[in-house]
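So the chains spell out like this:
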Amino acid sequence: MLASEIFAAIVGARHVHTDARTCAYFSRDIFFWDPAETVVAVVAPADAAQVAAVLAATAEVGTPVTVRGGGMSYTGGYVPTAPGTVMIDLRRLNRVREINEVDQYVAVEAGASWESVTAALTNTGLRTSISGPYSGSVSTVGGALSQGVVDEMTGVLALEVALANGSLVRTGSAARHDHPSPFFRNFGPDLTGLFIGDGGTLGVKTAATLALEPVPVAKQHASFAFETFPAITRAMIGCSRLRLPSRIMGLDPKKSQNAPRVGFKSAIETVAKVALASNKLSGGLRDAFSMAAAGRNFMEGVKWSLHITAEGASEAAADAAIDAYRAACLLEGREIPNLLPIALGAKPFSVRGFLGPQGERWVPTNAVLPPSRAEEASAKVLEFFAARRERMQAHGIWESYMLGARPGFVLIEPSFYWPDEVSALHLDHLDAATAARFKNHGASLDARRCVLEMRRDLIELFASLGAAHVQLARAYRYQSRLDPATQQLWHRVRDALDPDRRLNRTNLDG
Ligand SMILES: Cc1cc2nc3c(=O)[nH]c(=O)nc-3n(C[C@H](O)[C@H](O)[C@H](O)COP(=O)(O)OP(=O)(O)OC[C@H]3O[C@@H](n4cnc5c(N)ncnc54)[C@H](O)[C@@H]3O)c2cc1C
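Structural notes, computed from the coordinates. (Residues numbered from 1 in each chain as written. Predicted model: local features only at pLDDT ≥ 70, side-chain atom pairs only at ≥ 80, totals over all residues. Heavy atoms only, no water.)

What follows covers the packing of aromatic side chains. Across all of its chains, the model carries 12 aromatic pairs by this definition. Ring geometry for Phe-385 versus Tyr-401: centroids 6.0 Å apart, planes at 75 degrees, classification edge-to-face. Here the residue Phe-385 occupies a position in helix α13 (residues 371-395), and Tyr-401 occupies one in strand β17 (residues 398-406), the gap between them amounting to 16 residues. Grouping residues by exposure puts Phe-385 and Tyr-401 together as buried. Over the ring of Phe-384 we find Arg-388, and its NZ or CZ is 3.7 Å from the ring centre. Taking NZ or CZ as reference, Arg-455 lies 5.2 Å from the ring centre of Phe-31, over its face. (Phe/Tyr/Trp six-rings, centres within 6.5 Å; stacked < 30°, edge-to-face > 60°. Helix = DSSP H or I, 4+ residues; strand = E, 2+ residues; numbered from the N terminus. Buried < 20%, exposed > 50% of the residue type's maximum accessible area, 1.4 Å probe, protein only. Lys NZ or Arg CZ within 6 Å of the ring centre and 35° of its normal.)

Pasting the structure below:
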């Protein structure tokens, strides 16, 4: 039997695609990876048993396999690297299996989007303790857990994983053969943690159980403006040390100006209209909301900006938390209208930011830094771009940053933007009017090559500053950065689970 017939017997012929167009579409992520292989088949199983059966079938002949969730990554994680690779498309595994309000967990299939999980929890008064990436309207639970997100991963209680040999395993207390229940992660060694951030190299996640927590009773929002990158970085370091439950997002001058006009435009307008109708606003805040409702930029003149949502089990706790942040930020910053964090809370997911305002291509590079090195990093990153300014301008390339602070680390994430063709993957996730505006952009291979090279240099700069990374896949170095004994351990773990290196084979190899 042909391989495609074997897959068709498992998942149904309608769910196996071997045509050139589909194979090419599924072989490229949000960034370009030229030259790259193309998968020979895209197979879309309906459940965990079918995923395991597909893996067992590929194991028999040693076929390389790549795995795709929502496809919203840009580090080459699911882009094939060997001829004859088969892709497993997980988006049909999108069911919520169980919402357990007593034991406070939700068990979902790995191909469910974060937005669909959030929607399933409406009216329960509960939410997942992991908030999911901004791309969560499209990206999946399995994708984020495989990439590793900048969030507290203790919120993953258990996983169900199909291994390369076709067996299906469970982790945590869900792994018991009697009374299995996914309520406790640390039943024995942390096998759940083994698969988090593995880049899909150790198995295919088919389901995950996420911890639930009560939606906080109270929230307070505040925004602050800073004149320089080092100044906002010092404020983020102060915020990181507070270790309070919160969501913190920092923007550079370009993003401070673009966010209200592009990324958060519709959310801000909606929030502003609701707030104005409530008649509870006064003074400067009312003016800012009126401007936003009219589609005007309420962040005019703001350079670096920090947007904070503090949460509490009571109004008093949220007030105390936001006051602590205010004290940290007002050392060098000034307070500005807080529309952006309110809008972000109201509309936490969007993929519009995967292109610039005029449809420029986009690729971010993350650095997770210890607070002690963050200020130095901010200065070095500014130098990095200043030294390349002329070359960047020659190709129409520009940079913009997203920043973050969490307990124990600071996130610096510069993005490159450049003029280039827009891919079918982008077009599929844009509204019709925006897609029509961008679809005829021409390819700019020189600019793309230049971005690729500068991004590599930027990653090396971050490495020299002691940064860790998420979304490793093929863009960041992992195994070569490990000390020799740990490197050997990593290879032994990988050999034990996938001795032929068939799954996402080159991920984490750098
Ligand atoms: C606009 C935008 C905003 C973003 N914001 C964020 C953000 O806030 N935080 C953040 O961390 N990232 C962000 N990202 C990056 C990316 O979307 C996330 O990393 C996301 O979690 C990827 O999920 P996905 O389902 O799209 O995975 P994919 O892109 O499909 O896959 C990512 C990797 O995981 C592997 N994989 C996928 N599913 C499985 C599975 N079930 N089992 C094993 N391996 C699997 C793939 O092989 C690949 O290596 C953003 C991207 C965009 C476009």
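There is more to say after this.
Spatially, the four strands line up as an open sheet ordered β1-β2-β4-β3, and their pairing is mixed. The open sheet has two edge strands, β1 (16-17) and β3 (65-68), and neither has a second partner. Where β1 meets strand β2 (residues 41-43), two bridges bridge the pair, whose relative direction is antiparallel. Within β2, the residue paired with His-17 across the bridge is Val-42. (Pairing = 2+ DSSP bridges.)

So, about empty space enclosed by the protein. Taken as a whole, this structure holds three cavities of 30 Å³ or more when the rule is applied. Space inside the largest cavity adds up to approximately 70 Å³. Looking at the largest cavity, it is lined by 17 residues, and the ones nearest its centre are Val-79, Pro-80, Thr-81, Asn-504 and Arg-505. Class assignment of the residues belonging to the lining of the largest cavity gives a composition of six nonpolar, eight polar and three charged. (1 Å grid on protein atoms, 1.4 Å probe; cavity = no way out; pocket = protein on both sides within 12 Å on 5 of 7 lines; lining within 4 Å. Points joined across faces, edges and corners; volume = space filled by probe spheres on them. Nonpolar A, V, L, I, M, F, W, Y, C, P; charged D, E, K, R; others polar.)

Our focus in this paragraph is the layout of surface pockets. As a volume, the second largest pocket reaches approximately 490 Å³. Residue lining of the second largest pocket: 26 residues in total, with Ala-468, His-469, Val-470, Leu-472 and Tyr-478 positioned closest to the centre. For the lining of the second largest pocket, the per-class residue count stands at 16 nonpolar, six polar and four charged.

This brings us to the pattern of salt bridges. Across all of its chains, the model carries 28 salt bridges by this definition. Notably, a salt bridge pairs Glu-332 with Arg-234, separated by 2.7 Å at the nearest N-O pair. In this pair, Glu-332 is assigned in the loop between α11 (315-329) and β14 (334-336) and Arg-234 in helix α7 (residues 229-242), connecting sequence segments 98 residues apart. Relative accessible area serves as the criterion here: at 40%, Glu-332 is assigned to the partly exposed category. (Salt bridge = Lys/Arg side-chain N within 4 Å of Asp/Glu carboxyl O.)

Looking now at the pairing of strand β18 (residues 409-418). Within β18, 10 of the 10 residues are buried, which leaves it mostly tucked inside the rest of the structure. Of the two faces of β18, the one carrying Phe-409, Leu-411, Glu-413, Ser-415 and Tyr-417 and the one carrying Val-410, Ile-412, Pro-414, Phe-416 and Trp-418 are both buried. Across four bridges, strand β15 (residues 361-364) lies against β18 in antiparallel orientation. Within β18, the residue paired with Trp-362 across the bridge is Tyr-417. Of the pairings in the sheet, the one linking strand β16 (residues 367-369) to β18 comprises three bridges and is antiparallel in character. Across the sheet, residue Val-368 finds its bridge partner in β18, namely Leu-411. Bridge count between β17 and β18: nine bridges; the pairing is antiparallel. Residue pairing in the sheet places Gly-404 in a bridge with Leu-411 of β18. Connecting β17 to the next strand, β18, in antiparallel fashion are two residues, including Gly-408 with a positive phi near 95 degrees.

All right, on to the site of the ligand then. In the vicinity of the ligand lie 35 residues, with Val-67, Gly-69, Ser-73, Ser-135 and Thr-140 positioned nearest. Between the ligand and Gly-71, the relevant distance is 2.9 Å, taken from an oxygen atom to a main-chain nitrogen or oxygen of the residue. Ala-144 has a polar backbone atom sitting 3.4 Å from an oxygen atom of the ligand. Across the complex, the protein chains shield 95% of the 970 Å² of accessible surface that the ligand would expose by itself. Sorting the residues of the shell around the ligand by element identifies β3, α5 (141-147) and β10 (204-214) as the ones contributing at least two each. The element contributing the most residues to the shell around the ligand is α5, with five residues. For the shell around the ligand, the per-class residue count stands at 14 nonpolar, 19 polar and two charged. Two domains each put at least three residues into the shell around the ligand: domain 1 (3-89) and domain 2 (96-214). (Near = heavy atom within 4 Å. Polar contact = N/O pair within 3.5 Å; in protein donor to acceptor, adjacent residues only side chain to side chain. Areas by Shrake-Rupley, 256 points an atom, 1.4 Å probe, with all protein chains shown as cover. Domains from an automatic or database assignment.)

The next point concerns the packing of α13 against helix α16 (residues 445-464). As a packed pair, α13 and α16 sit with axes 11 Å apart at the nearest point and diverge in direction by 160 degrees. As judged from the angle between their axes, α13 and α16 are roughly antiparallel. The interaxial crossing formed by α13 with α16 has right-handed handedness. Along its contact with α13, which presents Arg-373, Lys-380, Val-381, Phe-384, Phe-385, Arg-388, Arg-391, Met-392 and His-395, the element α16 presents Asp-446, Ala-447, Cys-450, Glu-453, Met-454, Asp-457, Leu-458, Leu-461, Phe-462 and Ser-464. Across the contact of α13 with α16, the residue classes tally to 10 nonpolar, two polar and seven charged. (Axes fitted to C-alpha atoms, helices over the stretch in contact; angles between N-to-C directions. Parallel < 35°, antiparallel > 145°, perpendicular 65-115°, else oblique. Left-handed = near helix turned anticlockwise from the far one by under 90°. Contact = heavy atoms within 4.5 Å.)

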